[in-house]
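Observations on the model geometry
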Amino acid sequence: MTRDKIRVVITNSQKKVQIPTGLRMLVRRCCTAVLKMENFEGAAEISVTFVDNEQIKELNTQYRDKPIETDVLSFPMGSDGKYDIDPNTGAQILGDVVISMEKALEQSELFGHSFQREVGYLTAHSVLHLLGYDHMEPLEKVHMREKEEFVMDMLGLEVTKSYLVEE
């Protein structure tokens, strides 16, 4: 898979958390790493939007009927490996990732790792959802976490194995 086949459109729609230099590149690298790990074939487009807690709470209420803020939401554009195609580029449109920068900052402090690691992790988690992964069953959850941590390792970010003992 060639690097130029993956287009990641990043929009910052919040003003609460300053976006550090290099974070957009990290998000792009993270999307690319997940697709590479999954042997994704063909051109792909992913939209990533940075929001604040209030904005993500509105989306979570609207689309999931959960009136609380969350860290990340995924809006897949396909199912069973079939995606809409961008008529201008021929790329498969995988979907939208929405990350609460406020929540990512809170969680990085809570878990004692870098803000970059948290945003990278949330990006990997969400892109796996775009590809059809879920974590409703305990085994699916462990499988997904293994993939997320593999991507963190690929990108040189902090890796944790604590999920193996969590209940």
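Structure: see above.
Anyway, here's the lowdown on the structure attached to this text.

**Notes on the overall build of the protein chain**
Secondary structure summary: the protein chain contains five helices and six strands in total. Here the C-alpha radius of gyration of the protein chain, 15 Å, is about what a compact globule of 167 residues would show, namely 15 Å. Taking the principal axes of the C-alpha coordinates as reference, the protein chain spans close to 40 × 35 × 35 Å. Of the contacts made within the protein chain by residues no fewer than 6 positions apart, 65% connect residues no fewer than 24 positions apart. In the structure as shown, the protein chain presents an accessible area of about 9400 Å², 50% of it carried by carbon and sulfur atoms. In the protein chain, 19 positive and 28 negative side-chain charges are present, and the distance between their average locations comes to 5 Å.

**Notes on the layout of surface pockets**
Size it by volume and the largest pocket reaches roughly 840 Å³. Lining the largest pocket are 27 residues; nearest its centre among them are Asp71, Val72, Tyr121, His125 and His135. Secondary-structure elements contributing two or more residues to the lining of the largest pocket are α2 (53–64), β3 (72–76), α3 (101–111), α4 (115–130) and α5 (138–154). With six residues, α4 is the largest single contributor of residues to the lining of the largest pocket. For the lining of the largest pocket, a count of residues per class yields nine nonpolar, nine polar and nine charged.

**Focus: the side chain of Asp86**
As for its position among the elements, Asp86 is in the loop between β5 (82–85) and β6 (92–100). Within the buried set, Asp86 has no salt-bridge partner at all; the shortest N-O distance to an opposite charge, 4.7 Å, is to Arg7. Residues within four places of Asp86 in sequence aside, it is in contact with Glu45, Ala91 and Ile93.

Rules of the game
- Residues numbered from 1 in each chain as written.
- Predicted model: local features only at pLDDT ≥ 70, side-chain atom pairs only at ≥ 80, totals over all residues.
- Heavy atoms only, no water.
- Helix = DSSP H or I, 4+ residues; strand = E, 2+ residues; numbered from the N terminus.
- Rg over C-alpha atoms; globule rule 2.2 N^0.38 Å.
- Contact = heavy atoms within 4.5 Å.
- Areas by Shrake-Rupley, 256 points an atom, 1.4 Å probe, with all protein chains shown as cover.
- Lys, Arg positive; Asp, Glu negative; His and termini not counted.
- Charge placed at Lys NZ, Arg CZ, Asp CG, Glu CD.
- 1 Å grid on protein atoms, 1.4 Å probe; cavity = no way out; pocket = protein on both sides within 12 Å on 5 of 7 lines; lining within 4 Å.
- Points joined across faces, edges and corners; volume = space filled by probe spheres on them.
- Nonpolar A, V, L, I, M, F, W, Y, C, P; charged D, E, K, R; others polar.
- Buried < 20%, exposed > 50% of the residue type's maximum accessible area, 1.4 Å probe, protein only.
- Salt bridge = Lys/Arg side-chain N within 4 Å of Asp/Glu carboxyl O.

None of the figures reported here should be taken as evidence of function without further support.
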